[in-house]
Each structure stands twice: as C-alpha cells, then as structure tokens.
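Fold and geometry: a report
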Amino acid sequence: MKLRDALNKFYRDMSIGELQLMNSLDQYPNVTYNSLLYLDIISYRKDCTASYLSRVLHISKPAVTVKINELLRQGLITKEQSKEDKRVYYLSVDPKIRKEFNVYNKNLFYATDQIEKEYSQEQVMLFCEMLDKMSASFAEGAKHE
C-alpha cells in the first residue's frame, strides 16, 4: 500500500468511526460530518470564537453563527462571554461531549500504545517527525497551490 493510500484510509476510518460514535449516542442523534468538524476545531482551540471559525473555515460569520446556534441547541457546545471584552464569546465543547470524545480517543490511545510496543523508540520518533512535516504542510495550506 502506498503512503497516500494508507493516510487516506486512516483519515476515512477515523472520520467514519467518530461519526458512528456520535450517532450511536441517543441524546445526540444525526450529528453531521460538518458538525464534527466544528466540534473538533472547537475542542482543540483554546478561546475559540465565531470569528476564528469564520476565518479558519473561510465561511461567512452569519453562516458560522447559524451552525453555532444549531450546536448550542443540540447541547454539543457551550458559549461563555469574555470577562475582558463583553462583545466576545468563547466556545467550548460541552463537558459531556468531551467525555464521549475521550471514549473515542481510547481507540487512538490503544493504537499508539501498540505502535510503541511493536516499534523501536527511533522508529516511533521518525514517524512523529513525518507527522509533524505533514501537519506543517497543512498549516501552510494554500501557499503550495
């Protein structure tokens, strides 16, 4: 299997697994891939705001606001007003949802434990370097186009 094929398969399996987990929870039915994208960004971004989401996703602020309101109604995220600037609201994943995300991450943690057992420290570090290079490339984004 080629590297690109393996990465595509990993990403697809991870995305489908996350969707299946969220949709298996009775209190959160019909979570879309788009909603998961928002949840992932919000969960990994400290002090996430609607403006940040609009900028990073290249989506209008009104469209982001519609999605945020949907996620709030579903109980998937919370919104807290900034103490410094009352015009700013910070978004975070609801603590119950974060707990469910951690259940999903158990699969990832298991896989990383297996890799660390089966491969040398040097091989694991090399793999980490490769992932860092890919992450940096994504962070640079459109600069390569």
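Reference entry: report on the structure contained in this document.

Parameters at a glance
- Residues numbered from 1 in each chain as written.
- Predicted model: local features only at pLDDT ≥ 70, side-chain atom pairs only at ≥ 80, totals over all residues.
- Heavy atoms only, no water.
- Salt bridge = Lys/Arg side-chain N within 4 Å of Asp/Glu carboxyl O.
- Helix = DSSP H or I, 4+ residues; strand = E, 2+ residues; numbered from the N terminus.
- Buried < 20%, exposed > 50% of the residue type's maximum accessible area, 1.4 Å probe, protein only.
- Patch = residues over 30% accessible without salt bridge, like charges linked within 9 Å, V, L, I, M, F, W, Y side chains within 5 Å.
- Areas by Shrake-Rupley, 256 points an atom, 1.4 Å probe, with all protein chains shown as cover.
- Phe/Tyr/Trp six-rings, centres within 6.5 Å; stacked < 30°, edge-to-face > 60°.
- Lys NZ or Arg CZ within 6 Å of the ring centre and 35° of its normal.
- Expected span 1.5 Å × (residues − 1).
- Arc of directions from axis to C-beta.
- Contact = heavy atoms within 4.5 Å.
- Axes fitted to C-alpha atoms, helices over the stretch in contact; angles between N-to-C directions.
- Parallel < 35°, antiparallel > 145°, perpendicular 65-115°, else oblique.
- Left-handed = near helix turned anticlockwise from the far one by under 90°.
- Nonpolar A, V, L, I, M, F, W, Y, C, P; charged D, E, K, R; others polar.

Quick look at the pattern of salt bridges
Using the criterion set out here, one finds 5 salt bridges in the structure. In this structure, Asp-13 engages Lys-9 in a salt bridge whose closest nitrogen and oxygen atoms are separated by 2.7 Å. Residue Asp-13 and its partner Lys-9 are both found in helix H1 (residues 3-24); the two are separated by 4 residues, about one turn of the helix. The exposure class assigned to Lys-9 is partly exposed, which follows from its relative accessible area of 36%.

Section: a nonpolar patch on the surface
Taken together, Phe-10, Tyr-11, Met-14, Tyr-33, Leu-108 and Phe-109 make up a surface patch of nonpolar side chains, about 590 Å² in accessible area. Only H1 and helix H5 (95-118) provide two or more residues apiece to the nonpolar patch. When residues of the nonpolar patch are assigned to their parent elements, the largest contribution, 3 residues, is made by H1. For Tyr-33, a relative accessible area of 38% gives the class partly exposed.

Here's the deal with the packing of aromatic side chains
Throughout the structure, instances matching the rule amount to 0 aromatic pairs. Across from the ring centre of Tyr-52, 4.0 Å away, lies the NZ or CZ of Arg-45, which sits over that ring. A cation over an aromatic ring shows up here: Lys-79 above the ring of Tyr-89, its NZ or CZ 4.9 Å from the ring centre.

Structural notes on helix H4 (residues 61-73)
Every α-helix carries 3.6 residues per turn, so stepping three or four residues along brings you back to the same face. The end-to-end C-alpha distance of H4, which contains 13 residues, comes to 18 Å, matching closely the 18 Å that a straight helix rising 1.5 Å per residue would cover. Residues Val-64, Lys-67, Ile-68 and Leu-71 constitute the buried set of H4. Down the axis of H4, the smallest arc covering the buried residues is 100°, so these residues share one side. Exposed and oriented more than 90 degrees from the buried face of H4 are Pro-62, Val-66 and Arg-73. In the core, the buried residues of H4 are packed alongside helix H2 (33-44), helix H3 (50-57), strand E1 (77-81) and strand E2 (89-93). Positive backbone phi, approximately 75°, marks Gly-75, located one or two places after H4.

A short note on the packing of H3 against H4
At a minimum axis distance of 9 Å, the contact between H3 and H4 shows a crossing angle of 120°. Accordingly, the angle class assigned to the pair H3 and H4 is oblique. Of the two elements, H3 crosses H4, and the hand of that crossing is right-handed. Along the contact surface, H3 presents Ala-50, Ser-51, Leu-53 and Ser-54, while H4 presents Lys-61, Val-64 and Ile-68. Partitioned by chemical class, the residues of the contact of H3 with H4 number 4 nonpolar, 2 polar and 1 charged.

Remarks on the side chain of Ser-35
By the element assignment, Ser-35 lies in helix H2. Looking at Ser-35, the relative accessible area reads 1%, which means it is buried. With residues near it in sequence (within four places) discarded, Ser-35 still touches Lys-67, Glu-70, Leu-71 and Gln-74.

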